[in-house]
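What the coordinates show
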Amino acid sequence: MIETRKLYRRAILISACTLAAAVSLGETRAAPVYTVIYDFAGFANGGFDGARPAAEVTFDKAGNFYGTTIYGGRYNYGTVFGIAAGGTYTQLHVFSGDDPKTGGAQPEGGVIVTKSGDLSGTTFFGGTNNYGTSWLLKASGAYSVQHNFDDSDDGPTGTLLSAKGNSYGATLYGGGHGYGTIWKLAKRGKFSLLHGFTLTGSDGAYPNGGLVQDQNGNLYGTTSQGGTASCACGTVFRMAADGSNFTTLYSFTGGADGKFPLAPLALDKDGTLYGTTANTIYSYNCDATGCGTVWQLTPDGTFTVLHTFAGGKDGATPEGNLLKIGTTLYGTTQYGGSSGCNGNGCGTVYKLTAKPRGKYKILHRFAEGTSDGQNPLAGLAQGPNGKLYGTTYQGGLYNGGTVFSVTKK
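Our subject in this report is the structure included herewith. All of these numbers come straight from a predicted model, not from anything done at the bench. (Residues numbered from 1 in each chain as written. Predicted model: local features only at pLDDT ≥ 70, side-chain atom pairs only at ≥ 80, totals over all residues. Heavy atoms only, no water.)

1. With respect to the sheet that holds strand 34 (residues 402-406)
Applicable threshold: Strands qualify as paired when DSSP identifies two bridges or more between them. The way it works is that DSSP assigns letters per residue, a run of H or I at least four long becomes a helix, a run of E at least two long becomes a strand, and they are numbered from the N terminus.
Spatially, four strands are ordered 1-34-32-31 in an open sheet, and the strand pairing comes out antiparallel. Two strands bound the open sheet, and with one partner strand each, they are strand 1 (34-39) and strand 31 (381-382). The pairing of strand 1 with strand 34 spans five bridges and is antiparallel. For Asp 39, the partnering residue across the bridge sits in strand 34 and is Thr 402.

Rendered as structure tokens:
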């Protein structure tokens, strides 16, 4: 049965890690080099920088990178930040709720960067209707709301997809039946709904991640619930860029294949899709089927589990995007890794060889204490220097989350 309780934002429901002594889990061989780049202080600690980043960072061509925080800033509605290639942190925008000019609140997705240096993204709340916004931040610093969402397209989530000047995204709710939408914002500002999920037949419900696009212009994504299985454990879907030819490619069964995909997909040039399941929607959960999966789906419909998370040192509950570099996948888990963070673990960074199937390695286990981040909700991005960069939702000097880097080996 589909979960009937209203889906609140995951970030609100995460158990806070108690700040304590760091746990040492040394590897038997030289570990990848891990570095905390920035500690968020946030509104709660008397600062006006951000707090609680939940999305991956995005690089520009000069090696600077950008991201968002759900909280923090002068109004505690979240921020857009930039970190220069040399490490200098800059707050670029402070969200102000329902203000028509600077509005928006609690951005769950990251940003996309244009060649000219403009940034764009969404907020889950705020705007004139308090159902979220799509926004544009020019390189000059000028900020504008491009679209105010309403009860027909409620709660934009995930990082936008930019293609030929158009933006594509998902909302968690809305769409006539309340099960979410896929939408398009044309480069000239026209907004249109491409698909409203219905939870009928094989159709899914509650798309929680962003979209990817293939060479033919088709869009791919996941829904966290719905599908043909009795558990309504989620789907993988494809549609044309104009919303036509919508097809459910796979329905999760809740068995060894996993359940509840919450993250966007990675797409190979040959059309193979890679994704994760979290095994839970609300918080930590491990059961007889494991603590989430990494999987692949080939163009001919062959579904293969590449790794099943076992909890403990192995990691649990992947929620962030997968990053594919060559034949290797890189990602994070929100829990597992250490024995801290209320016994659930503080999360991991991992790598997994996709072709040939099999080789799995932990690059970093997050630990309790003020010297490390905890509980990453976001996935990773590769910088020009080859390092991997990410964010943690909690932890750091002020427990407001961190930005970090880690080497790939």
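More follows now that the structure is in view.
2. Some thoughts on the pattern of salt bridges
We apply this condition: Only one rule defines a salt bridge in this text: a Lys or Arg side-chain nitrogen within 4 Å of an Asp or Glu carboxyl oxygen. Note on classification: 1.4 Å probe, protein chains only; a residue is buried when its accessible area is under 20% of the maximum for its type, exposed when over 50%, partly exposed between these limits.
Evaluated as defined, the whole model comprises three salt bridges. Between Lys 138 and Asp 118 there is a salt bridge; the shortest N-O distance is 3.2 Å. You can see Lys 138 sitting in the loop between strand 10 (133-137) and strand 11 (143-148) and its partner Asp 118 sitting in the loop between strand 8 (112-113) and strand 9 (119-123), a full 20 residues away along the chain. With relative accessibility at 37%, the residue Lys 138 sits in the partly exposed group.

3. What about the state of the cysteines?
Two cysteines form a disulfide when their sulfur atoms are joined by a covalent bond. Just so we agree on the cut-off: Count a disulfide wherever a pair of cysteine sulfur atoms falls within 2.5 Å.
Using the criterion set out here, one finds three disulfides in the structure. Covalent S-S linkage joins Cys 286 and Cys 291, the inter-sulfur distance amounting to 2.0 Å. Given an S-S torsion of about 125°, the disulfide between Cys 286 and Cys 291 has right-handed geometry.

4. Side note on the packing of aromatic side chains
What counts, and what does not: The pairing test for Phe, Tyr and Trp rings, Trp by its six-membered ring, is centres within 6.5 Å, and the orientation test on the planes gives stacked under 30 degrees, edge-to-face over 60, and tilted for anything in between. Charges are assigned to positions over rings by a cutoff of 6 Å between ring centre and Lys NZ or Arg CZ, combined with an angular limit of 35 degrees from the ring normal.
Enumeration according to the criterion identifies 32 aromatic pairs in this entry. When the ring of Tyr 179 is compared with that of Tyr 206, the centres are 5.7 Å apart and the planes differ by 75°; the resulting orientation is edge-to-face. Within this pair, whereas Tyr 179 is found in the loop between strand 13 (166-171) and strand 14 (181-185), its partner Tyr 206 is found in the loop between strand 16 (204-205) and strand 17 (212-213), the two being separated by 27 residues in sequence. Here Tyr 179 falls in the partly exposed class, since its relative accessible area comes to 22%. Judged by its relative accessible area of 11%, Tyr 206 is buried. Ring geometry for Phe 309 against Tyr 360: centres 6.1 Å apart, planes inclined by 75°, an arrangement best described as edge-to-face. Of this pair, Phe 309 sits in the loop between strand 25 (303-308) and strand 26 (323-325) while Tyr 360 is found in strand 29 (residues 360-365), placing the two residues 51 residues apart along the sequence. For Arg 52, the ring lying beneath its charged end belongs to Tyr 393, and the centroid distance is 5.3 Å. Sitting above the plane of the Phe 48 ring, Arg 74 keeps its charged end 4.5 Å from the centroid.

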